[in-house]
Amino acid sequence: MYRTHTCGELRKSDAGKEITLAGWVQTIRKFGAITFIDLRDRYGITQLLFGEELNDQLSASPLGREFVLQVKGTVSERSNKNPNIPTGDIEVKIGSFKVLNKSVTPPFTIQDDTDGGDDLRMKFRYLDLRRNEVKKNIELRYSVNRAARNYLHEKNFMDIETPFLIKSTPEGARDFVVPSRMNAGQFYALPQSPQTFKQLLMVSGYDRYYQVVKCFRDEDLRADRQPEFTQIDCEMSFVEQDDILNMFEGMIKHIFQEVKGIEIKEKVQRMTWEDAMWNYGNDKPDIRFEMKIANLKSAFLKDGKIQATGELINNANFNVFDKAETVVAIAVPGIAEYSRKQTDELTEWVKRPQIGMQGLVYIKCAADGTYKSSVDKFYDSSRLEAIAKFAHARPGDMIFILAGAEERTRKAISELRLEMGQRLGFRKKDEFKLLWVLDFPLFEYSPDDNRWVARHHPFTAPKPDHIEIMINNNPVIENAAEYLKHPYSNIKANAYDMVLNGNEIGGGSIRIFQRDLQEKMFAALGMSKEESLHKFGFLLGAFEYGAPPHGGIAYGFDRLCAILGGSESIRDFIAFPKNNSGRDVMLDAPSTIDETQLEELSIQLRTQDLKF
Ligand code: ASP
């Protein structure tokens, strides 16, 4: 037997026991004739005491960090206790030991505060995974996985695997493709999600499906994305939107309870996409704090019409506001005392290319009820007061105003709101606010192709009372500049996202389940009949054999784990992640393959002149 106990197990009550441990040498400390070794395994650290009588053996085969050691000895209570670790009351007095394997000196110290940089730790990820910090994350990931599975199992969901080698039907992100040796010149694609398969399973009658599944998307990697990532993917039959929201609200609450010990009693707040955009400038608002947008003037269509025409700011000869399509404000609590230097710094902040604004207008609402602003020349006190009232500012607040083109300005004010929330400590790590965002637009206008694209995916159903608009109107966009006036701009989808602290953690929709409506949808997206048959003939065919009404959702498992673990980075929660350029630096992948492999695949590279 290699061990009787783990390195995290022994307590004071075990004193006197003869035990065997096995693990890795974390540290070696010599005190005169005595040697202390901290032995580590997955479960913890135990202090070992090597007495003088073992010195000959120790010098004959010196130990080093990360050696794998088996020790036999007696548990004894420590005089010098360590309250920071669970085994801190005891140590093991070693009778004999055996080196099970040696280790070369590790490239970084395997401790909580390591001296290893990111790249080095990724290259030696198997060593990084030994570190407590990383292990904690991998454990959390497993507990989220288990909690989700338990909940879904209880609710009669069945885990059904779907294939990884499928057909390439890019719609959204780019596909990763795999050449087929047996079908020269043909390629499989790796699934961006099991979307069509889970819908086919509904046609097959498996009315509650789930899978914790890898998805593959060949996107240009923005920060904190991975080319392969994991979803908790689910689908249900005979459901309406409300059934799905309730079921999965339940799942997330269960996960919070099991993983964090947090009981969420209240119903998850629901907000329409329009309200989210209007009030927060963002379809995944962080509602841990208020600071809502005041729309002074805006081209945003809400409830089918333009709501903010600019009464409060018009006719002041202030060109910047007069010329702008959109003028939006936020009232930031308690910072009216900000110095010139501080407002200048924020002005620079909004001018950075990522935010792209021309400038920042401010109104200081002093505690004594007076107003001072960077536009005093154009607006007298009573007008400033009216704006302040509209922005729900209180004495002591500072109002920030941005002006420009609708989309960019709305995005910018949303970023500024988040930044101020961050700076002022309103985005607390240990506070969790869930939100459903509902009624997304069905279509999005793609200026590059001058056509409609599916905002979620092409299988998403329109709101029942919007189906007619889709059927009765021609999708062709005659006037690109006025696409907002096209009836398709107002079609809302039966789609929903779950948002946690400003992050989209899940999204899904009620699906189209009738062949003719699905064909109409493909046509609306500019697909010819042939193209839609070539790409999705299998699904259209399946819809003719009694497809039930159905809908589903998928959660971004990696991100959910990262948020629950209080981290910004999903990489920390993936055992073997890729770096920001999509490379696995441990394997050094992707890599070239040899000529014979290429030949077998009937592939000739067009990049012979590339230097590898
Ligand atoms: N397959 C979708 C996605 O990956 C989720 C869904 O609609 O269920 O975003």
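Structure's up top.
What you see is a predicted model; the values in this text were computed from it and never measured. (Residues numbered from 1 in each chain as written. Predicted model: local features only at pLDDT ≥ 70, side-chain atom pairs only at ≥ 80, totals over all residues. Heavy atoms only, no water.)

Visitor: Looking at this model, I keep getting lost on the site of the ligand. Mind explaining?
Guide: Around the ligand sit 13 residues in total, of which Gln195, Lys198, His456, His457 and Arg511 are the nearest. With respect to the ligand, the side chain of Arg511 contributes an N or O atom lying 2.7 Å from an oxygen atom. Per-element tally for the shell around the ligand: the top contributor is strand S23 (residues 550-556), with three residues. Split into classes, the residues belonging to the shell around the ligand amount to two nonpolar, eight polar and three charged. (Near = heavy atom within 4 Å. Polar contact = N/O pair within 3.5 Å; in protein donor to acceptor, adjacent residues only side chain to side chain. Helix = DSSP H or I, 4+ residues; strand = E, 2+ residues; numbered from the N terminus. Nonpolar A, V, L, I, M, F, W, Y, C, P; charged D, E, K, R; others polar.)

Visitor: Explain the packing of aromatic side chains to me, please; I cannot follow it from the model alone.
Guide: Any two aromatic rings considered together are summarised by their centre-to-centre distance and by the angle between their planes. Counted under the stated rule, the structure contains 24 aromatic pairs. Aromatic side chains Phe248 and Tyr555 sit 6.3 Å apart centroid to centroid with 40 degrees between the ring planes, which places their arrangement in the tilted category. Separated by 307 residues along the polypeptide, Phe248 in helix H6 (residues 241-260) and Tyr555 in strand S23 bring together distant segments of the chain. One exposure class covers both Phe248 and Tyr555, and it is buried. Taken together, Phe443, Tyr445, Trp452, Tyr483 and Tyr488 form an aromatic cluster joined through their ring pairs. The residue whose ring lies beneath Arg410 is Phe300, and the NZ or CZ to ring-centre distance is 5.1 Å. Cation over ring: Arg417 sits above Phe289, and NZ or CZ is 4.0 Å from the ring centre. (Phe/Tyr/Trp six-rings, centres within 6.5 Å; stacked < 30°, edge-to-face > 60°. Buried < 20%, exposed > 50% of the residue type's maximum accessible area, 1.4 Å probe, protein only. Lys NZ or Arg CZ within 6 Å of the ring centre and 35° of its normal.)

Visitor: Just to check I follow, could you spell out the sheet that holds strand S6 (residues 158-159) for this structure?
Guide: Think of a sheet as strands paired side by side through backbone hydrogen bonds, with each pair either parallel or antiparallel. Across the sheet, which stays open at both edges, the eight strands sit in the order S6-S9-S10-S23-S22-S21-S18-S11 with mixed pairing between neighbours. Two strands in the sheet have a free side with no partner beyond their single neighbour: S6 and strand S11 (269-272). Sheet contacts for H6: strand S9 (208-216), strand S10 (228-237), S11, strand S18 (434-438), strand S21 (495-500), strand S22 (503-510) and S23; angle to S21, the most-contacted strand, approximately 20 degrees. Its contacts with the sheet place helix H7 (residues 273-280) against S11 and S18, and it is angled at close to 85 degrees to S11. (Pairing = 2+ DSSP bridges. Contact = heavy atoms within 4.5 Å. Axes fitted to C-alpha atoms, helices over the stretch in contact; angles between N-to-C directions.)

Visitor: It is not clear to me how the packing of helix H4 (residues 132-154) against helix H15 (residues 557-564) should be interpreted in this structure. Could you clarify?
Guide: Each packed pair of helices is defined by two parameters, the angle between the axes and the distance between the axes. Axis separation between H4 and H15 bottoms out at 10 Å; the angle between their running directions is 120 degrees. As summarised for this structure, H4 and H15 are arranged oblique, according to the angle between their axes. For the pair H4 and H15, the crossing hand works out as right-handed. Contact with H4, carried on its side by Leu140, Arg141, Val144 and Asn145, involves Phe557, Asp558, Leu560, Cys561 and Leu564 of H15 and no other residues of that element. Per-class residue counts for the contact of H4 with H15 are six nonpolar, one polar and two charged. (Parallel < 35°, antiparallel > 145°, perpendicular 65-115°, else oblique. Left-handed = near helix turned anticlockwise from the far one by under 90°.)

Visitor: Help me understand the pattern of salt bridges, please; the structure alone is not making it clear to me.
Guide: Oppositely charged side chains may form a pair once their charged atoms are brought near each other. What the rule picks out here adds up to 42 salt bridges. A salt bridge links Arg225 to Glu219; the shortest N-O distance between them is 3.3 Å. Note on Arg225: relative accessible area 30%, which makes it partly exposed. Looking at Glu219, the relative accessible area reads 29%, which means it is partly exposed. We note a salt bridge from Lys253 to Glu249, for which the minimum N-O separation is 3.6 Å. In this pair, Lys253 and Glu249 are both assigned in helix H6, four residues apart and thus about one turn of the helix distant. Glu249 shares its class with Lys253; the two are buried. Here the salt bridges do not stand alone but share partners, grouping Asp118, Arg121, Arg125, Asp128, Arg131 and Arg571 into one network. (Salt bridge = Lys/Arg side-chain N within 4 Å of Asp/Glu carboxyl O.)

Visitor: Looking at this structure, how should I read the environment of Asn503?
Guide: The topology assignment puts Asn503 in strand S22. Along the sequence, Asn503 and Leu435 sit 68 residues apart, while their C-alpha atoms lie 9.9 Å from each other.

Visitor: Any chance you could explain the nonpolar core here in plain terms?
Guide: Generally speaking, soluble globular proteins have nonpolar side chains that are buried together. Core analysis: the largest hydrophobic core is formed by 74 residues, its most contacted members being Phe248, Ile255, Trp436, Phe443 and Tyr555. Not counting the four nearest positions on each side in its chain, Phe248 is found in contact with Leu152, Phe157, Cys234, Met236, Trp436, Met498, Ile553 and Tyr555. (Core = buried A, V, L, I, M, F, W, Y, C linked by side-chain atoms within 4.5 Å.)

Visitor: Explanation requested: a nonpolar patch on the surface in the structure shown.
Guide: The grouping of Phe164, Leu165 and Tyr188 at the surface amounts to a nonpolar patch, some 270 Å² of accessible area in total. Residue Phe164 is classed as partly exposed on the basis of its relative accessible area, which comes to 39%. (Patch = residues over 30% accessible without salt bridge, like charges linked within 9 Å, V, L, I, M, F, W, Y side chains within 5 Å. Areas by Shrake-Rupley, 256 points an atom, 1.4 Å probe, with all protein chains shown as cover.)

Such coordinate-based values are descriptive only and should not be taken to indicate function.
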